[in-house]
Amino acid sequence: MSKKVLSMLLVLCMVFASVAALASCSEKEEEGANNDRVVNYADPYKGIEDKEELYAKIYEDTLGDFLKAYEAAKAEKNESKKWAMMAIAEAKLLASGVMMPTSSNGGNYAITRVAPNTATSTLWGNDSYRYHDVIVATELIKAEDRAALKAKWAELKGTGEYEAAAKAYLTEKGYTLKDSYTLAYTSDPSNWDVLATSKAVDSEALVNTYDGLYEYDMENRLMPALAESYTVSEDGLTYTFKIRQGLKWVDSQGREVADVKADDFVAGMQHMMDAAGGLEYLVQGVIKGANDYIGKKETDFTKVGVAAPDDATLVYTLEAPVTYFMTMLGYGVFAPMSREYYESKGGKFGAAYDSSAESYTYAKTPDDIAYCGPYCITNNTAKNTIVFEANEKYWDAENINVKTITWKYNDGEEALKGYNDAIAGTTDGSGLNASAVVKAKEDKIFDTYSYVSSTDATSFMSFVNVNRAAYANVQGGAVKTTLDEYEQIRSRAALRNVHFRRAIAFAIDRGSYNAQSVGEDLKFASLINSYTPGTFVTLKEDVTVAINGTNKTYKAGTYYGAIMQDQLDADGVKMKVWDPKADDGIGASSGFDGWYNVANAVEELNIAIEELAKQGIEITAENPIVIEMPYFKGSELRTNMSNVYKQSIEASLGGKVKLNLCAADTADDWYYAGYDTLSGEEANYDLYDVSGWGPDYGDPQTYLDTFLPEYAGYMVKCIGIY
């Protein structure tokens, strides 16, 4: 998301299964309660009192190899060589063991009334959540008809003819089409300002309230939206867009509040930088002058490379040519904002910006924003319903297929709610978890209607905290630790050791983890092995790069994942992130578990034990390292998934590492332990499996930038620093 930060609760496949006994943080165990034990630990960070100095030192020790390789890649001018060098950098990131990829969206059984490929399947940005063109039937669509429609899409892709063909096919097959779409959601938006949020749940709602300059359509063509056309200067530094005329901003009731002007994109860009909601990194180093304005070295926004010479002309000036610039337009960082409406709600720009001011009411609710997209939000009832009604003043109103979108809340606590709602027509589809698969088979609909949903480029991950400072949630104080000071010191020391982190990563049976939500049959379907999908980009030309000092030439067409694997192999890190035989010989970084390997886990743990012993940390089955992981006890799915982690780690590592599962009473408490933290020092866990990332544009940089130091990389806070 952007900062497309994703929550695992966005996945609606809930499981109903027996729950093994868990070590709860609310019940302190006998072992670990002895506070008299002393650790004679040679702490390499002892005496560093300045927080920023400490973070810099930990980052260098943990991710220094990644950063060195990545900075070299970003300096490369040739796009294909840059991608190859980025693959090398990502291999260093994965080898650090600070995070472990777990799964992507999709790859589960599902039933639906929505025709396939009627929202864009483009892997980056938020356009896939624009639902005005989706085609919805009143009946569940049969699996055989979905397959036929997907074949028709492949045949017609790029012609502009698929939409009409899909409607004709469904009508001929006896389906009745409707102009409403109802879907489930699991977490309420918390910020109605698309330019000031980095959360997927916010941007996925708000993307239906505005249009961008260009958007991807259902055939994955980049098409004009609020812009009619654009030109690029010969040097690749200047993009000039012509804005449609006669467009209107409206309020949530559909009443006109202003004209849409080129200047609204200028206002939006400045507000995004002023708000600093986590989006600004996208334009740093891209838009001329953005770095200085964001860093407050420059206060005059006219020095930033975005300008509106007149109401119909918008000009972006770049720092350097950016080959993927047009692919960036599908995310909220480039959203327009009505300057007039914003100022009427107390909004100010530059040094005067203050969202906490009493007079500032902009985006406090959906009634406090202006709309120029296909929908206005007419109902927002927390943990219940969100309704989007068609905007009659929308520039393309007569061509949208869906007049009403309704989000229905599902907290995930009832394993069969999603399935039952889809069958009843309360929602228009649902993923099928293990319990729902059984029920669908009992109801005799599984074979007729179920299909395996496609995966996307989202990367859900588990994170290791290398600098844990919080032992209860900063928000509310819930999810308190059971670890005494002795155990805290030992766990922190162990998790700072790269071999210990790899041991944890290799010890977890990720297939069994995924099986809890999608069933045994599909446990590998959505399993991923890298941060950036291995097929995300392919080299456009032959390039030669150095793998540990040895030059290697990669041919045009080589996948990003193949180069990652070569670097890991050269480094002797036994992670399998690319299988050239996967996906019918195309090659893939997903669909198999290339990390779980007990022998490799034990080998890494033994190295860690030897190294940590030199620092004064003894690790045995009698004196194990104890680490903690929070989970939401109200969800049987999350309970079972967390229990897989516990059982895998403790069994694989011979009891020398113990995982305590800390029960969060509410989903909010679970989120507050990690997903909703604002900084690394708030991260209340040793191991956490809630967050993820989705790409914002078509370049691996959209993933790797998230691990930059000094607060530039959004995901770095997940490992306990910045």
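Scope of this entry: the structure provided in the associated data block. The shown structure was predicted, so the numbers you read here are calculated from the model rather than taken from an experiment.

Quick notes on the overall build of the protein
At step 1: Counting its regular elements, the protein contains 19 helices and 26 strands.
At step 2: When its C-alpha atoms are laid out on the principal axes, the protein stretches across 75 × 65 × 60 Å.
At step 3: Counting across all 722 residues of the protein, residues that qualify as buried make up 60%.
At step 4: Per element, the accessible surface of the protein, about 27100 Å² overall, is 46% carbon and sulfur.

A short note on the nonpolar core
At step 1: If you look at the biggest cluster of nonpolar residues, it comprises 198 residues, and the most contacted ones within it are Phe241, Tyr316, Phe325 and Phe707.
At step 2: Sort the elements by how many residues they give to this core and helix α2 (residues 79-95) lands first, with 11 residues.
At step 3: With residues near it in sequence (within four places) discarded, phenylalanine 325 still touches Tyr239, Phe241, Val286, Ile287, Tyr316, Leu318 and Phe334.

What to know about a negative patch on the surface
At step 1: A contiguous patch of negative charge, built from Asp50, Glu52, Glu53 and Glu710, is present on the exposed surface.
At step 2: With respect to the secondary-structure elements, glutamate 52 resides in helix α1 (residues 51-75).

With respect to the sheet that holds strand β19 (residues 451-452)
At step 1: Ordered by their spatial adjacency, 3 strands build an open sheet running β18-β3-β19, and the pairing between neighbours is antiparallel. Of all the strands in the sheet, the pair left with one neighbour each is β18 (429-432) and β19.
At step 2: The sheet contact formed by strand β3 (residues 109-112) and β19 spans 2 bridges and is antiparallel. Looking at β19, one finds that tyrosine 109 is bridged to valine 452.

A short note on the sheet that holds strand β14 (residues 313-317)
To summarise the sheet geometry, strands pair through backbone hydrogen bonds and adopt either a parallel or an antiparallel arrangement.
At step 1: If you trace the 4 strands from one edge of the open sheet to the other, you get β9-β10-β14-β13, paired in antiparallel fashion. Pairing within the sheet leaves two strands with one partner each, and these edge strands are β9 (227-232) and β13 (306-310). With strand direction ignored, the average angle separating the axes of adjacent strands in the sheet is 20°.
At step 2: Taken together, the 5 bridges between β9 and strand β10 (residues 238-243) define a ladder with antiparallel strand orientation. Looking at the pairing, threonine 231 lines up with threonine 240 of β10.
At step 3: Helix α6 (residues 263-275) contacts β10, β13 and β14 of the sheet and is inclined by roughly 160° relative to β13.

Details of the side chain of threonine 197
At step 1: Examined against the element boundaries, threonine 197 turns out to sit in the loop between β6 (180-185) and α5 (200-206).
At step 2: By relative accessible area, which is 3% here, threonine 197 ends up buried.
At step 3: For threonine 197, the side chain forms a polar contact with the main-chain nitrogen of lysine 199, separated by 3.2 Å.
At step 4: A polar contact is formed between the side chain of threonine 197 and the side chain of aspartate 202, at a distance of 2.5 Å.
At step 5: Residues within four places of threonine 197 in sequence aside, it is in contact with Asn191, Asp202, Gly277, Leu279 and Tyr331.

Focus on a nonpolar patch on the surface
At step 1: A cluster of nonpolar side chains, namely Tyr596, Val598 and Val602, defines an oily patch on the protein surface of about 200 Å² accessible area.
At step 2: Within the secondary structure, tyrosine 596 sits in the loop between α15 (560-571) and α16 (598-613).
At step 3: A residue is classified by how much of its surface remains accessible, and tyrosine 596, at 32% relative accessible area, is partly exposed.

Considerations on helix α12 (residues 485-495)
At step 1: Most of α12 is tucked away: 8 of the 11 residues are buried.
At step 2: For α12, the complete set of buried residues consists of Tyr486, Glu487, Gln488, Arg490, Ser491, Ala493, Ala494 and Leu495.
At step 3: Where α12 is buried, its residues meet β20 (459-464), α13 (498-507), α16 and β23 (625-632).
At step 4: You can read the cap of α12 off the contacts: a side-chain oxygen lies 3.1 Å from the backbone nitrogen of tyrosine 486, and it is on aspartate 484.

A look at the environment of aspartate 542
At step 1: Relative to the assigned elements, aspartate 542 resides in the loop between α14 (510-518) and β21 (543-547).
At step 2: For aspartate 542, a relative accessible area of 44% translates into the label partly exposed.
At step 3: Taking C-alpha positions, aspartate 542 is 8.3 Å from glycine 557, a pair spaced 15 residues apart along the chain.
At step 4: Apart from the residues within four sequence positions on either side, aspartate 542 is in contact with Tyr554, Lys555 and Ala556.
At step 5: At a separation of 2.8 Å, a polar atom in the side chain of aspartate 542 contacts the main-chain amide nitrogen of alanine 556.

Some remarks on the environment of serine 517
At step 1: In this structure, serine 517 sits in helix α14.
At step 2: Given the relative accessible area of 9%, serine 517 is considered buried.
At step 3: Linking serine 517 and threonine 238, residues 279 residues apart in sequence, is a C-alpha distance of 48 Å.

Focus: the packing of α2 against α15
At step 1: Interaxial distance between α2 and α15 falls to 8 Å at its minimum, and their mutual angle equals 50°. Taken as axis vectors, α2 and α15 run oblique relative to one another. For the pair α2 and α15, the sense of crossing is right-handed. Along its contact with α2, which presents Trp83, Ala84, Met86, Ala87, Ile88, Glu90, Ala91, Lys92, Leu94 and Ala95, the element α15 presents Tyr560, Ile563, Met564, Gln567, Leu568 and Asp571.
At step 2: Here the contact of α2 with α15 is composed, by residue class, of 12 nonpolar, 1 polar and 3 charged.

Scoring rules and cut-offs
Residues numbered from 1 in each chain as written. Predicted model: local features only at pLDDT ≥ 70, side-chain atom pairs only at ≥ 80, totals over all residues. Heavy atoms only, no water. Helix = DSSP H or I, 4+ residues; strand = E, 2+ residues; numbered from the N terminus. Buried < 20%, exposed > 50% of the residue type's maximum accessible area, 1.4 Å probe, protein only. Areas by Shrake-Rupley, 256 points an atom, 1.4 Å probe, with all protein chains shown as cover. Core = buried A, V, L, I, M, F, W, Y, C linked by side-chain atoms within 4.5 Å. Contact = heavy atoms within 4.5 Å. Patch = residues over 30% accessible without salt bridge, like charges linked within 9 Å, V, L, I, M, F, W, Y side chains within 5 Å. Salt bridge = Lys/Arg side-chain N within 4 Å of Asp/Glu carboxyl O. Lys, Arg positive; Asp, Glu negative; His and termini not counted. Charge placed at Lys NZ, Arg CZ, Asp CG, Glu CD. Pairing = 2+ DSSP bridges. Axes fitted to C-alpha atoms, helices over the stretch in contact; angles between N-to-C directions. Polar contact = N/O pair within 3.5 Å; in protein donor to acceptor, adjacent residues only side chain to side chain. Parallel < 35°, antiparallel > 145°, perpendicular 65-115°, else oblique. Left-handed = near helix turned anticlockwise from the far one by under 90°. Nonpolar A, V, L, I, M, F, W, Y, C, P; charged D, E, K, R; others polar.

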